[in-house]
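Here is what each chain is made of, one letter per residue.
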Amino acid sequence: MSDATRAIPAQPNAIVRSWQLGRKIDPRYLIAGLITLVLLVAQFRYHLVGGYQRLVVALAVCTAAEAVLSWFDRGKVVNLQSAYISGISLTLLTKPQGAALWPFVIGGFLAISSKYVVRYRDNHLFNPTNFAICALLLIAPDHVSVLSHQFGNDLATNLVIWTFGLIIVARVGVVHVTVAYLAAFLLLSTVRATVMGQPVLPEIAPVTGPMYQLFLFFMITDPRTIVRGKRPQMVVAVIIAVADQLIRVASDTGVPLPTAFNAAPPLLALFIVGPIAKWLDLRRAAPASRVPAPAPAPASA
Amino acid sequence: MSVSTLPHRPRPAVRRAVMAIPFVAALLIAARLDRGPFRSSADAAHPGFAFQDATAAAGIGFVHRRASFDPRIAGIEPHVAGVGAGVSVTDVDGDGWPDLYFTNSRFGAPNALYRNRGDGTFTDVAAAAGLADLNAPGEGVSMGAVWGDMDNDGREDVLVYRYGYLSLFRNVDGKRFVDVTAQAGLHRWINSNGAIWLDYDRDGLLDLYVTAYFRDVDLWHLTTTRIMHDSFEYATNGGKNLLFHNLGNGRFEDVTDRMGVGSTRWTLAAASADFDGDGWPDIYLANDYGPEELYLNDHGKKFTLTTAGLEAESKSGMSVALGDAFNRGRLDAFVTNISERGYIFQNNNLRLNDMPDGRRFRNVAEGAIADAGWAWGAQFGDFNNDGANELFVANGFISADKGKSYWYAMSKIAGANGALFEDASSWPAFGNASLSGYEPSRVYLNRGVAGWIDVASTVGATDLYDGRAVALADLSNRGAVDVVVANQNQPAILYRDFPDSANHWIGLHLVGTRSNRSAIGAEVLLETGDVRQRRVVDGGSGFASQNDRRLHFGLGSHEWVDRLVISWPSGTRQVVTRPAIDRILTVTEPER
């Protein structure tokens, strides 16, 4: 065999090399990287943060609360990456009246402390940011609203965030949750619009907004609060989509719901369904085998 | 990472109970904070002035009627036709009593020119003046009007801007007007919500800046339904604003491109003043679906779009009012935006003018002043004559069925891609839904560093109309700032102001000689003791409105004014020392 015919090991292309490199990175850093990307795009292209003091306050409160509460509860300070993600998502999603900073102080504390207070069998039940946002929307609607606009209603920005988002949740191993919810949302929205005689596009349009992006990539896929098993996870995602649609049907038909339900249907759907599903999942586990958190535990919002 | 451990850690249940205490406390605190301030302010109970609804007593029976457009956009017609109630103040016959001009927006519905009879009552003379029937198929419907003496003959002329063709009328004798639009070269179709007079090149002749909202489509005969904005935050597909230079022979020249002021954002309002103190009038724009814009005037040769800190927030600018918010001797800008409980808090902007030294505006709006609901026209005015400006803000978008809100539908469309909602036919139909309807006006009392508080209910501004334009004028020449509000598809309202009688005041009627005779753009700095207040003669401000050209200053307990420094548009600087107070003074610009 001449040198010319000697077999040369195939060199993986750039995409494959990137994917392989990604597999070596701790998933928690990928999630943190994605939320940082969203933050940077949101701020530098669309000035979406609304003041750096909000970011500083939310991050400071979340990380300080995580450090203090974990030390008090577990005797050690845990990795603060989850608090970092909670702080950023809270900053992006919370839109306060005026220049009020207290929603970021209280929201940050509620997000983190909910993990330590609302627990069942050593697991927290609520996604932290989801809990904080929904609690604020429900009890302080005169001073807190949720981000409901778009990233400039710009297709290119959407493509960037969706591409990176899907790649990273795939790498983390929860892309099936995102896809299940997305498919159910699109299908159910189409059916609902058709049955109610409404145009379809406005009904599916919200899923392209940043609120849904944060919801799909950071909340509904939170490894700490999703149920165990790929199929149950997809079932729960579909149930959340159904709850989202039920809220929207109620809004469409003028059922007098608290404003929070009309303004943020997916967040409220997760707020209701998520902890129930998690509680049932934990409950069906054998009492002797207290369900430990998945390891390694990717950070969540 | 383990940094330390508690030596005697309590049991898990105890630990959780301990942590639950601040958790529950945080929830309770949030609920309490949502209810507002912990203490009611004594200032709110004694604001030093009161308003009285004098609409009927004054004989003002104007009712605005909204437009009706191409049936293909009927689904969102309440939104598209949600403007047009304008009001501007002028002294049409030069008798020293301010008159009022209201615009209407339905084909066949007349505009109204209320002549002030000087006894607290008004008479509609629009038909006799030739200013009533301006809403007709093929021509368009009125959105507002601005007054200024374009030919310096001592009589105020008027430009009516429409969704349709511009109309310019020359004031013949204080009673009759002739349409000079064609001769002036202004027969242009522009879907406009605002215009201002300004003398941008300081040649003594008033020029015109006309803002555009929709691009120049015929809203009654659409060839496409893709007429809406393509972004809720950064739309640039609106109509093109236009600048017309007054050539002095009754003609105007379009100098938009040459001067660099042809913004295609969805401009709802404009105002002009010398923000950076270089002696040349600049232009400030409040844009819907986008950030505000500031065009700085480079010696009348061109304008430069500058950021000045305005680009950091993209909201829905609905109007821009100019006033000295904290007696710093500078003209600050108050820009209204949209807020709706639970859905959106865009928050109004109170931008302090730091242009002369810092080249920036600084937004200091917080608390009550930041949220006036779906806010439209606003104006600064010293309603209690205490020497500090208050703010009147009109608001409310569409008051229809109280039980139906379009906000949920709006939240869906606002989250869509721009290509979708640019098409009006893609929007969910309004039906009879309300959208931020039945909102009370806000009257913000200025307490300096203690902040602004809403005293609307205390002073008697209690109507729930869908306010649009707000104009201020001392209608009875008695040292009080009366408020006139044009309401959309509803009756206009006149609030007479009754300030604390212990306070002093001074009014100024400026007459230009080398400058334009209306003195539009003239700025007055009043100094008394440690108080410095600046006012500008208004060529149009707020939303679809124009205030009295006479300037009103409250003086509080001061019984004299040290001096008035008048900066005329011509560049002349005039100082008046120790003027008489508690009266309206006429000051004429020195010839040399």
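Here the structure is a predicted model, which is why all the values come from computation and not from measurement.

About the criteria used
- Residues numbered from 1 in each chain as written.
- Chains lettered and ligands numbered in written order.
- Predicted model: local features only at pLDDT ≥ 70, side-chain atom pairs only at ≥ 80, totals over all residues.
- Helix = DSSP H or I, 4+ residues; strand = E, 2+ residues; numbered from the N terminus.
- Buried ≥ 20, exposed ≤ 12 C-beta atoms within 10 Å, placed from the backbone.
- Contact = placed C-beta atoms within 7 Å.
- Rg over C-alpha atoms; globule rule 2.2 N^0.38 Å.
- Pairing = 2+ DSSP bridges.
- Axes fitted to C-alpha atoms, helices over the stretch in contact; angles between N-to-C directions.
- Nonpolar A, V, L, I, M, F, W, Y, C, P; charged D, E, K, R; others polar.
- Core = buried A, V, L, I, M, F, W, Y, C linked by C-beta atoms within 7 Å.
- Parallel < 35°, antiparallel > 145°, perpendicular 65-115°, else oblique.
- Expected span 1.5 Å × (residues − 1).
- Bend = angle between axes of the 7 residues up to and from the residue.
- pLDDT = per-residue confidence, 0-100.

**A word on the overall build of chain A**
Here is step 1: Tallying secondary structure elements over chain A gives 13 helices and 4 strands in all.
Here is step 2: When each of the 301 residues of chain A is scored for burial, the buried share is 49%.
Here is step 3: Residue pairs at least 24 apart in sequence account for 75% of intrachain contacts in chain A once pairs closer than 6 positions are excluded.

**Observations concerning the overall build of chain B**
Here is step 1: Secondary structure summary: chain B contains 11 helices and 41 strands in total.
Here is step 2: Expected size for 592 residues packed as a compact globule is a radius of gyration near 25 Å; at 24 Å, chain B falls within 12% of this value.
Here is step 3: Its C-alpha atoms put chain B at 90 × 65 × 50 Å along the principal axes.
Here is step 4: Every one of the 592 residues in chain B was classed for burial, and the buried ones make up 59%.

**Re the sheet that holds strand β14 (residues 252–254) of chain B**
Two modes of strand pairing occur in sheets, parallel and antiparallel, and in both the strands are linked by backbone hydrogen bonds.
All names here are of chain B.
Here is step 1: Strand order across the open sheet formed by 4 strands is β11-β12-β13-β14, with antiparallel pairing between neighbours. Among the strands making up the open sheet, the edge pair consists of β11 (194–198) and β14. This sheet shows a mean twist of 20° between the axes of neighbouring strands, independent of strand direction.
Here is step 2: Relative to β14, strand β13 (residues 242–246) is paired through 3 bridges, and the arrangement is antiparallel. Counted as the bridge partner of histidine 245 is glutamate 253 from β14.

**Topic: the sheet that holds strand β38 (residues 551–556) of chain B**
Residues and elements named next belong to chain B.
Here is step 1: As summarised here, the arrangement of the 3 strands in space is β38-β34-β41, forming an open sheet in which the pairing is mixed. For this open sheet the edge positions go to β38 and β41 (584–588), each flanked by a neighbour on one side alone. The mean angle between the axes of side-by-side strands here comes to 25°, regardless of whether they run parallel or antiparallel.
Here is step 2: Both strand β34 (residues 504–511) and β41 contribute to a ladder of 5 bridges, which runs parallel.

**Focus: the interface of chain B and chain A**
Here is step 1: In this complex, chain B contributes 55 residues to the contact, which on the side of chain A involves 53 residues.
Here is step 2: Contributions of two or more residues to the side of chain B that touches chain A are made by α1 (12–34), β22 (344–345), β27 (401–405), α9 (407–414) and α10 (418–421) of chain B.
Here is step 3: At 13 residues, α1(B) tops the list of elements feeding residues into the side of chain B that touches chain A.
Here is step 4: Partitioned by chemical class, the residues of the side of chain B that touches chain A number 29 nonpolar, 14 polar and 12 charged.

**Some remarks on the nonpolar core**
Here is step 1: In this structure, B:Leu159 and B:Tyr209 are the most contacted members of the largest nonpolar core, which totals 264 residues.
Here is step 2: Beyond its immediate stretch of four places on either side in the chain, B:Tyr209 contacts B:Ala195, B:Ile196, B:Leu198, B:Asn241, B:Leu243, B:Val261, B:Ala270 and B:Ile283.

**Considerations on the pairing of β11(B)**
Here is step 1: By the criterion of burial, β11(B) is predominantly enclosed, with 5 of the 5 residues buried.
Here is step 2: Going residue by residue along β11(B), you find B:Gly194, B:Ile196 and B:Leu198 tucked away on one face and B:Ala195 and B:Trp197 tucked away on the opposite face as well.

**A few points about the packing of helix α2 (residues 27–46) of chain A against helix α7 (residues 155–172) of chain A**
Residue and element names in this part refer to chain A.
Here is step 1: Axis separation between α2 and α7 bottoms out at 9 Å; the angle between their running directions is 170°. Judged by the inter-axis angle, α2 sits roughly antiparallel to α7. Residues Pro27, Leu30, Ile31, Leu34, Leu37, Val38, Val41 and Arg45 of α2 form the contact with α7, whose own contacting residues are Thr157, Val160, Ile161, Phe164, Gly165, Ile168, Arg171 and Val172.
Here is step 2: In terms of residue class, the contact of α2 with α7 is built from 12 nonpolar, 2 polar and 2 charged.

**Some thoughts on the environment of B:Tyr101**
All names here are of chain B.
Here is step 1: Among the secondary structure elements, tyrosine 101 is positioned in strand β3 (residues 99–102).
Here is step 2: With 28 C-beta atoms counted inside 10 Å, the residue tyrosine 101 sits in the buried group.
Here is step 3: In the structure, tyrosine 101 is positioned 232 residues away from alanine 333 in sequence and 25 Å away in space, judged by C-alpha atoms.

**Focus on helix α13 (residues 265–284) of chain A**
All names here are of chain A.
Here is step 1: In this model α13 runs 29 Å from its N-terminal to its C-terminal C-alpha over 20 residues, within 8% of the 28 Å that 1.5 Å per residue would give.
Here is step 2: Taking the largest bend as the criterion, α13 deviates by roughly 25°, centred on valine 273, and proline proline 275 comes between one and four positions later.
Here is step 3: Residues of α13 that are buried: Pro265, Pro266, Leu267, Leu268, Ala269, Leu270, Phe271, Gly274, Pro275, Ala277, Lys278 and Asp281.
Here is step 4: On its buried face, α13 is in contact with β3 (123–124), α6 (128–139), β4 (144–146), α10 (210–219), α11 (230–252) and α12 (259–263).

**With respect to α1(B)**
Here is step 1: Relative to the 33 Å expected for 23 residues at 1.5 Å per residue, α1(B) spans 33 Å between its end C-alpha atoms, a close match to the ideal helical length.
Here is step 2: The largest bend in α1(B) amounts to roughly 25° and is located at B:Ala20, with the proline B:Pro22 lying one to four residues further along.
Here is step 3: Where α1(B) is concerned, the buried positions are B:Met19, B:Ala26 and B:Ala30.
Here is step 4: On its buried face, α1(B) is in contact with α3 (52–74), α5 (102–117) and α6 of chain A.
Here is step 5: Phi turns positive, to about 110°, at B:Gly36, one or two residues after α1(B).

**Some points on the confidence of the model for chain B**
Any region with low pLDDT has predicted coordinates that should not be read closely.
Here is step 1: Chain-level statistics for chain B give a pLDDT mean of 94 and a share of 98% at 70 or above.
Here is step 2: For this predicted complex, the interface confidence comes out at an ipTM of 0.86, alongside a pTM of 0.91.

**Section: the environment of B:Thr90**
Residue and element names in this part refer to chain B.
Here is step 1: Looking at the secondary structure, you find threonine 90 in strand β2 (residues 87–90).
Here is step 2: Since 26 C-beta atoms lie within 10 Å of it, threonine 90 is described here as buried.
Here is step 3: A C-alpha to C-alpha distance of 6.5 Å links threonine 90 and tryptophan 147, two positions 57 residues apart in sequence.
Here is step 4: Setting aside residues no more than four positions away along its own chain, threonine 90 makes contact with Asp99, Tyr101, Trp147 and Glu156.

**Description of the confidence of the model for chain A**
Here is step 1: The share of residues in chain A with pLDDT of 70 or more is 86%, and the mean pLDDT across the chain is 85.
Here is step 2: Scored below 50 in pLDDT, residues 293–299 of chain A shows 19 contacts in the model against residues more than four places distant or in partner chains.

**Digging into the pairing of strand β31 (residues 467–473) of chain B**
Residue and element names in this part refer to chain B.
Here is step 1: With 7 of its 7 residues buried, β31 lies for the most part within the structure.
Here is step 2: In this structure, β31 lies alongside strand β32 (residues 482–487), joined through 6 bridges in antiparallel fashion. Residue glycine 467 lies in a different strand from β32, and its bridge partner there is asparagine 487.

**A short note on unusual backbone geometry**
Residues and elements named next belong to chain B.
Here is step 1: Phi angles above zero are rare outside glycine, and asparagine 347 is one such case at about 70°.
Here is step 2: Relative to the helices and strands, asparagine 347 is located in the loop between β22 and β23 (349–354).
Here is step 3: Even without glycine at this site, serine 436 takes up a positive phi of about 50°.
Here is step 4: Note that serine 436 resides in the loop between β28 (433–434) and β29 (442–446).

**Here we look at the environment of B:Val470**
Residues and elements named next belong to chain B.
Here is step 1: For valine 470, the position within the fold is in strand β31.
Here is step 2: It is 28 Å that separates the C-alpha atoms of valine 470 and leucine 305, two residues lying 165 residues apart in sequence.
Here is step 3: Other than its neighbours up to four places away in sequence, valine 470 contacts Gly377, Ala378, Gln379, Phe392, Ala394, Val483, Val485, Gly542 and Ser545.

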